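# Close look at the chain arrangement
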Amino acid sequence: MSLYQKLLERADAGRPVTLGIVGAGQMGTGLVAQMAPLPWFAVTGVADIDLDRARAAYRSAGVPDDQVTATSDLPAAERALEAGRRIVTQSAELLANLPGNEAIVDATGVPEVGAIVADVAIRGGKHVVMLNVEADVTVGRALKRMADEAGVIYSASAGDEYAPAKELVDFARTLGFGVVCAGKGKNNPLDRAATPDSQAQRAKAIGANPWMLSGFVDGTKTAVEMTCLANATGLVPDVRGMHGPTATVADLPKLFCPEEDGGVLLHKGVVDYAIGVAPGVFCVIETASPIVADEMRYLNMGSGPYWVLFRPYHLTSLETAITVATAAVYHEATIAPGPTPVAEAITIAKRDLKAGEKLDKMGGYTYYSLAERADIAAAEDLLPVGLADGAVLAADVRMGEPIFRSKVELNDTTRLYRLRMRQEAQDAVPV
């Protein structure tokens, strides 16, 4: 029976999939607007530091204000739900602790918030869906291990490029094709020096947060997304920062193949990105079978020896419902990190930095990120970008140089830091 049919059954039986959503920004609001009207989902609550924004998310789904209760008190929230009302709250932990919720979606994009929400939700027996890839690439393995022990699902979300790209990888591998390269089209121009100031005008024009837009433009978002894909598939960055050529879809199998075959790759089995094919995701494949190769040519897939599978869209938060439903109905993740790290999103100075400076958050003024192999990042003492926020430099760093982990004082007061230390201790234990 298909997922849709199973959801219909649950709706008919009065057992919709119940969930809370943390973060009422663009993605969280889009998710509420899409899911709240559907009878097979029940969005019980929305958490945001701005209660008006949380209310507006419900309003966008046709839920009037008089059916919404604002509270940070758990018993009051339970009474409101029993009365058929919805909850808005400034407490993400409230939603994670509500006993009626099956799943919690973190849509904040803030690693520390994601770590807190996921930790509390897993301990409370809830499935966790991360629309927060920044948290996933920092502590995803620790959260996945916790979820496995608790008997719940930890998953990054369908819709963002890493998830549909993984679908293509799984599709290809299931059919016996070799995966040469998988990745995404980059949606924005690449400018490593981008800051919230330089992006402010464009952000205002498109209704985006300038810090978020800066993180897209400076390449940080691409780095963390492809790190997520790498750690879920075992594919690795071919070179530090990947190649990122400008390409058309027809160019992809010609570019993302080994140098000896006219491409840019030093190795097969890698993640990368291309400018010019957004908003799609791709997977370049090969086959050792002459018969299969002939069939690919017959099917107008190209002349080979490399072919591209291309999906020309990704619906970001609008696909998150698939992951929520899959976790609740099938008890499966859409995409989650494997047990062994293969990639790390590392931290690079965006400008000349001085000892004593405090690093800001992603998309800011002090650093950007590049994807690197995990073994190289560890051997060269490179700072994971998820730990950079709030770290204080112990030495000067020149623009464009990596920031070394041993040359910063990390903010060790956060849940994110504690989970990262647990994850690294677990990674060091032989399986």
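Residues numbered from 1 in each chain as written. Predicted model: local features only at pLDDT ≥ 70, side-chain atom pairs only at ≥ 80, totals over all residues. Heavy atoms only, no water.

### Structural notes on the overall build of the protein chain
- Secondary structure summary: the protein chain contains 16 helices and 16 strands in total.
- For the protein chain, whose C-alpha radius of gyration is 22 Å, the value lies close to the compact-globule estimate of 22 Å for 431 residues.
- Considering only C-alpha atoms, the protein chain reaches an extent of 65 × 60 × 50 Å along its principal axes.
- Of all 431 residues assigned to the protein chain, the portion counted as buried reaches 53%.
- Pairs at least 24 residues apart make up 72% of the contacts formed inside the protein chain by residues separated by at least 6 positions.
- Carbon and sulfur atoms form 54% of the exposed surface of the protein chain, whose accessible area is close to 17800 Å².
- For the protein chain, the distance from the average site of its 40 positive side-chain charges to the average site of its 53 negative ones is 2 Å. (Helix = DSSP H or I, 4+ residues; strand = E, 2+ residues; numbered from the N terminus. Rg over C-alpha atoms; globule rule 2.2 N^0.38 Å. Buried < 20%, exposed > 50% of the residue type's maximum accessible area, 1.4 Å probe, protein only. Contact = heavy atoms within 4.5 Å. Areas by Shrake-Rupley, 256 points an atom, 1.4 Å probe, with all protein chains shown as cover. Lys, Arg positive; Asp, Glu negative; His and termini not counted. Charge placed at Lys NZ, Arg CZ, Asp CG, Glu CD.)

### Remarks on the sheet that holds strand 6 (residues 127–130)
- A sheet is described by the order of its strands in space; here seven strands give the open sequence 3-4-2-1-5-6-7, paired in parallel fashion. Looking at the sheet topology across the chains shown, the edges are occupied by strand 3 (68–70) and strand 7 (154–156). Across the sheet, the mean angle from the axis of one strand to that of its neighbour is 25 degrees, orientation sign disregarded.
- Of the strand pairs in this sheet, strand 1 (residues 17–22) and strand 5 (residues 103–106) are connected by four bridges, and their pairing is parallel. In the strand pairing of strand 5, Leu 19 is matched with Ala 103.
- Helix-sheet contacts for helix 14 (residues 320–330) involve strand 1, strand 2 (41–47), strand 5, strand 6 and strand 7, and the interaxial angle to strand 6 is about 160 degrees. (Pairing = 2+ DSSP bridges. Axes fitted to C-alpha atoms, helices over the stretch in contact; angles between N-to-C directions.)

### Observations regarding the packing of aromatic side chains
- For the structure on display, the rule yields three aromatic pairs.
- Residues Tyr 4 and Trp 40 carry aromatic rings whose centres are separated by 5.7 Å and whose planes lie at 90 degrees to one another, so their mutual orientation is edge-to-face. Of this pair, Tyr 4 sits in helix 1 (residues 3–12) while Trp 40 sits in the loop between helix 2 (26–35) and strand 2, placing them 36 residues apart in sequence.
- Take Tyr 4: its relative accessible area is 49%, and that puts it in the partly exposed class. (Phe/Tyr/Trp six-rings, centres within 6.5 Å; stacked < 30°, edge-to-face > 60°.)

### Digging into the sheet that holds strand 8 (residues 178–186)
- Taking strand neighbours across the sheet as the criterion, the five strands line up as 9-10-8-11-12 in an open arrangement whose pairing is mixed. Two strands lie at the open edges of the sheet, namely strand 9 (236–237) and strand 12 (307–311), each paired on one side alone.
- The sheet contact formed by strand 8 and strand 10 (residues 270–275) spans six bridges and is parallel. Residue pairing for strand 10: Lys 184 is matched across the bridge by Tyr 273.
- In this fold helix 8 (residues 162–174) packs onto strand 8, strand 11 (281–286) and strand 12, with an angle of close to 20 degrees to the strand it touches most, strand 11.

### Digging into the packing of helix 8 against helix 11 (residues 220–233)
- Packing of helix 8 against helix 11 leaves a shortest axis separation of 9 Å and a crossing angle of 30 degrees. With respect to each other, helix 8 and helix 11 are oriented roughly parallel. Handedness of the helix 8/helix 11 crossing: right-handed. Contacts from Tyr 162, Ala 165, Lys 166, Val 169 and Arg 173 in helix 8 reach Glu 225, Cys 228, Leu 229, Ala 232 and Thr 233 in helix 11. (Parallel < 35°, antiparallel > 145°, perpendicular 65-115°, else oblique. Left-handed = near helix turned anticlockwise from the far one by under 90°.)

### Points about unusual backbone geometry
- Geometrically, the link from Ala 278 to Pro 279 is a cis peptide bond, its omega value of 10 degrees lying close to zero.
- As for its position among the elements, Pro 279 is in the loop between strand 10 and strand 11.
- In this model, Gly 304 is joined to Pro 305 through a cis peptide bond whose omega is 5 degrees.
- Locating Pro 305 in the fold gives a position in the loop between helix 13 (290–298) and strand 12.
- Of note in the backbone geometry, Asn 300 takes a positive phi value of approximately 60 degrees without being a glycine.

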